[in-house]
Amino acid sequence: ENLFLSGLTAMEKKLAEYKCNTNEAIQLKLVRFPEDLEDENTTFNPEYSHQVFGDDEVAFGYKGLKILLYYIAGNLSTLFRVEYTSKVNEKFDCVEADDVESKIREIIPPGFCTNTDDFVSLLEKEVNFKPFGMLLHTYSIHNEEAGEDITYQIYKADMTCPGFREYHERLQTFLMWFIETASFIDVDDERWNYFLVFEKYNKDGATLFATVGYMTVYNYYVYPDKTRPRVSQMLILPPFQGEGHGAQLLETVHRYYMSSPTVLDITAEDPSESYVKLRDFVLVKLCQDLLCFSPVKLMQGFSQEMVTEAQQKLKINKQHTRRVYEILRLRATNMGDAEQSRSYRLDVKRRLIGPYKKKQRELAKMRRCLRPEEMTNQLNQIDLNLQREQLEESFQQLVSDYRRVLERLAQA
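Residues numbered from 1 in each chain as written. Predicted model: local features only at pLDDT ≥ 70, side-chain atom pairs only at ≥ 80, totals over all residues. Heavy atoms only, no water.

- The chain is annotated in an unreviewed UniProt entry as Histone acetyltransferase type B catalytic subunit of Cettia cetti.
- According to UniProt, the comment filed for the chain under the heading Sequence similarities (unreviewed entry) is "Belongs to the HAT1 family."
- Taken directly from UniProt, the Catalytic activity (unreviewed entry) text for the chain runs: "L-lysyl-[protein] + acetyl-CoA = N(6)-acetyl-L-lysyl-[protein] + CoA + H(+)". (UniProt positions renumbered as here; feature names shortened; annotations may be inferred.)

Here you go:
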């Protein structure tokens, strides 16, 4: 029996060596020049792979597993290869290795290269690749490394653009690796709008375009003749993150819809924390010069005038306008002045306490329906001290988020 157990642990030890973390195994690249293929600095890895490889983010059966997913920087033609130093063998080890290849094939469209030579010859045709759709905005950002300004462009595309459908299929595979709950959208629904960011770069004297990121927006119908665009997905690819492209993209999209008389306001689907911070910055930047947000009016409190003006001029909805008001009021408030700071604190906390008040109204209703002996301790008055603490914590967190927005605004 002991022999069996020790045999098992040896086997287990051996098999444990054949587990690979898929976030490390998957190697992504956006390739502009043939030498990028060998350059480790151009490689980046997924943040998530659980949607493809399960919650453990592990692939079993390989040592030294590498899953190469290389994309040509512009049109995203793909090279897909699986490499490893050794693999378990069913005859010999009595276990089967995970079928890594078919898992990746499920999310990447067919028509990829499997060898490097084919991929490099496709790279030579990249000079013919041009962005899809209609140019909305051009901007430039100074790049320290290159020691020069780099130009970027934002386009609005749709499925009628030749080649865009296939390009979008390749582009959306990145969502799986960088958005925790990503899903692919139904591109046959014509109410989707696509906004794409490209970088212009030079290669052998020609101007080429590289994919930087994109956003999808769904146009909801609002009776009788309006639409309410809802931001669904937004991704700036990792090599370009932290450079301000998200803000440029979101502001451009807002400006695009602002010019449309049929758009009511813009919302977002299940926004992440980082998206909310980005949106705060962009909306405050757009709103700060509106008359309704003058310091005098900010000090008089949140008003219907703010809601109306932000919605009509900038397509911002009421909830977001309220945050903009709080951020701009913080900027106009001297927090060192006891009276001003108390007034600000009360104003924000009055909004924060809304959900608590609602809960207490619900409890009161239940109390009327239940006999006293059925009221458990949980239903007794929510501990007011705890509530005060939570409220104070939420307030402090909010103020520190708001300050970061204002710092970024001051640098913009």
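1. Describing the nonpolar core
Then, number 1: If you look at the biggest cluster of nonpolar residues, it comprises 106 residues, and the most contacted ones within it are W177 and F293.
Then, number 2: Residues contacting F293, with those up to four places away along its chain left out, are C287, L298, M306, T321, V324, Y325 and L328.
Then, number 3: Grouped together as the second largest cluster of nonpolar side chains are nine residues, V31, I72, C113 and F119 included. (Core = buried A, V, L, I, M, F, W, Y, C linked by side-chain atoms within 4.5 Å. Buried < 20%, exposed > 50% of the residue type's maximum accessible area, 1.4 Å probe, protein only. Contact = heavy atoms within 4.5 Å.)

2. Topic: the packing of aromatic side chains
Then, number 1: In the structure shown here, the tally under the stated rule is 22 aromatic pairs.
Then, number 2: Ring geometry for F33 versus Y201: centroids 6.2 Å apart, planes at 75°, classification edge-to-face. Taken as a pair, F33 in the loop between β2 (26–31) and β3 (43–44) and Y201 in strand β11 (residues 192–203) lie far apart in primary sequence, 168 residues in all.
Then, number 3: Pairing Y256 with Y257 gives two aromatic rings, centres 5.1 Å apart and planes at 70°, and the pair type is edge-to-face.
Then, number 4: What makes Y256 partly exposed here is its relative accessible area of 26%.
Then, number 5: Note that K29 overlies the ring of Y70, its terminal NZ or CZ placed 5.4 Å from the centroid. (Phe/Tyr/Trp six-rings, centres within 6.5 Å; stacked < 30°, edge-to-face > 60°. Helix = DSSP H or I, 4+ residues; strand = E, 2+ residues; numbered from the N terminus. Lys NZ or Arg CZ within 6 Å of the ring centre and 35° of its normal.)

3. Focus on the UniProt feature "active site" (unreviewed entry) in the chain
Then, number 1: Here the UniProt feature "active site" (unreviewed entry) sits at E269.
Then, number 2: Along the chain, E269 turns up in the loop between β14 (267–268) and α10 (273–287).
Then, number 3: Look at E269 and you get partly exposed, because its relative accessible area is 35%.
Then, number 4: Beyond its immediate stretch of four places on either side in the chain, E269 contacts R230, V231 and S232.

4. Concerning the pairing of strand β12 (residues 206–222)
Then, number 1: When you tally the buried positions in β12, you get 13 out of 17 residues, the bulk of the element.
Then, number 2: Pairing of β11 with β12, which is carried by 12 bridges, proceeds in the antiparallel orientation. Each bridged residue has a counterpart across the sheet, and for K200 the counterpart in β12 is F209.
Then, number 3: As consecutive antiparallel partners, β11 and β12 are separated by two residues, and within that stretch D204 has a phi angle of approximately 50°, a positive value.
Then, number 4: Sheet topology note: the β12/strand β13 (residues 226–236) ladder contains 10 bridges and is antiparallel. What sits directly across from V217, in β13, is V231.
Then, number 5: Linkage of β12 to β13, two consecutive antiparallel strands, is achieved through a turn of three residues. (Pairing = 2+ DSSP bridges.)

5. Considerations on the sheet that holds β3
Then, number 1: If you trace the four strands from one edge of the open sheet to the other, you get β3-β2-β6-β7, paired in mixed fashion. Since the sheet does not close on itself, it has two edges, and those belong to β3 and β7 (78–83), each with one partner.
Then, number 2: Note that β2 and β3 share two bridges and pair antiparallel. Across the sheet, L28 pairs through a bridge with F44, a residue of β3.
Then, number 3: Across the face of the sheet, helix α6 (residues 116–124) comes into contact with β2, β6 (66–72) and β7 while running at roughly 20° to β6. (Axes fitted to C-alpha atoms, helices over the stretch in contact; angles between N-to-C directions.)

6. Quick look at a positive patch on the surface
Then, number 1: Taken together, the side chains of R350, K357, K358, R361, K365 and R368 define a basic patch exposed on the protein surface.
Then, number 2: For the positive patch, the element with the highest residue contribution is helix α15 (residues 354–369), accounting for five residues. (Patch = residues over 30% accessible without salt bridge, like charges linked within 9 Å, V, L, I, M, F, W, Y side chains within 5 Å. Areas by Shrake-Rupley, 256 points an atom, 1.4 Å probe, with all protein chains shown as cover. Salt bridge = Lys/Arg side-chain N within 4 Å of Asp/Glu carboxyl O. Lys, Arg positive; Asp, Glu negative; His and termini not counted. Charge placed at Lys NZ, Arg CZ, Asp CG, Glu CD.)

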